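# Understanding the architecture of this molecule
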Amino acid sequence: MSMDAPSRHALRIIRQCVDAEHYRLLPHFRQRMAQRGLVWPDLLAVLEDPAQVRADGHDRYHRPKWIVSGTAPDELPVEFVCVIDEDDQGNVTVFITIY
């Protein structure tokens, strides 16, 4: 997989947030995971070896939005949308939806 520098940087931040448990799962994200029969390890597998990481502009709060796609361990294609935000402790990733 080839990524441009901004995508590599975003992936690094998202992974760091997940490793540090510094992330938020919005209710819609949780609902979509359940609807698709996905579990947290599926997202971790995509983060470990994504097929693509692409910028998707900014959300309504002007936070950079990213779409990460890949394949879950059961070969199911997965794509999720997240934003990178900051709080008093540094970067935080907010997971918005998964499909």
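So, here's what we can say about the structure. Note that the coordinates shown come from a computational prediction; the quantities given were computed from them, not determined experimentally.

## Topic: the sheet that holds strand β3 (residues 64-71)
- Ordered in space as β1-β5-β4-β3-β2, the five strands form an open sheet in which the pairing is mixed. If you trace the sheet from one side to the other, it starts and ends with β1 (23-25) and β2 (52-58), each paired once. For this sheet, the mean angle separating the axes of adjacent strands, direction not counted, is 25 degrees.
- Across five bridges, β2 lies against β3 in antiparallel orientation. Within β3, the position partnered with Ala-55 by the bridge is Trp-66.
- The sheet strands contacting helix α1 (residues 5-19) are β1, β2, β3, β4 (77-87) and β5 (90-98), and the helix crosses β5 at an angle near 95 degrees.

## Observations concerning the nonpolar core
- Membership of the largest hydrophobic core comes to 24 residues, with the highest contact counts inside it found for Ile-14, Phe-29, Phe-80, Phe-95 and Ile-98.
- Mapped by element, the contributors of at least two residues to this core are α1, α2 (27-36), α3 (40-48), β3, β4 and β5.
- At six residues, α1 tops the list of elements feeding residues into this core.

## Observations concerning the side chain of Asp-59
- Looking at the secondary structure, you find Asp-59 in the loop between β2 and β3.
- A relative accessible area of 13% means that Asp-59 is categorised as buried.
- Among the polar contacts made by the side chain of Asp-59, one reaches the main-chain amide nitrogen of Tyr-61 at a distance of 2.9 Å.
- Beyond its immediate stretch of four places on either side in the chain, Asp-59 contacts Lys-65 and Val-83.

## Digging into unusual backbone geometry
- Even without a glycine there, the phi angle at Glu-21 is positive, about 55 degrees.
- The phi torsion at His-62 lies on the positive side, around 70 degrees, for a residue other than glycine.
- Within the element layout of this structure, His-62 appears in the loop between β2 and β3.

The rules we used
- Here the residue numbering is sequential within each chain, running from 1 through the sequence in written order.
- Whole-chain, interface and lining totals are the exception, using all residues; otherwise, since this is a predicted model, local features are given only for residues with pLDDT of at least 70 and side-chain atom pairs are given and counted only at 80 or more.
- No hydrogens and no water enter the side-chain calculation; it runs on all heavy atoms of the structure.
- Two strands pair under a simple rule: DSSP has to find at least two bridges between them.
- Numbering of helices and strands runs from the N terminus, with a helix taken as a DSSP run of H or I at least four residues long and a strand as a DSSP run of E at least two residues long.
- Angles shown run from 0 to 180 degrees and are taken between the N-to-C directions of axes, each axis being a line fitted to C-alpha atoms and, for helices, limited to the stretch in contact.
- Should any heavy atoms of two residues lie within 4.5 Å, those residues are considered in contact.
- Take the buried residues of types Ala, Val, Leu, Ile, Met, Phe, Trp, Tyr and Cys, join any two whose side-chain atoms come within 4.5 Å, and each joined set is a nonpolar core.
- Using a 1.4 Å probe on the protein chains alone, a residue whose accessible area is under 20% of its type maximum counts as buried, one over 50% counts as exposed, and one in between counts as partly exposed.
- Polar contact is defined as a pair of N or O atoms within 3.5 Å, subject to the rule that within protein one atom must be able to donate a hydrogen and the other to accept it, and that residues adjacent in sequence are counted only when both atoms are side-chain atoms.

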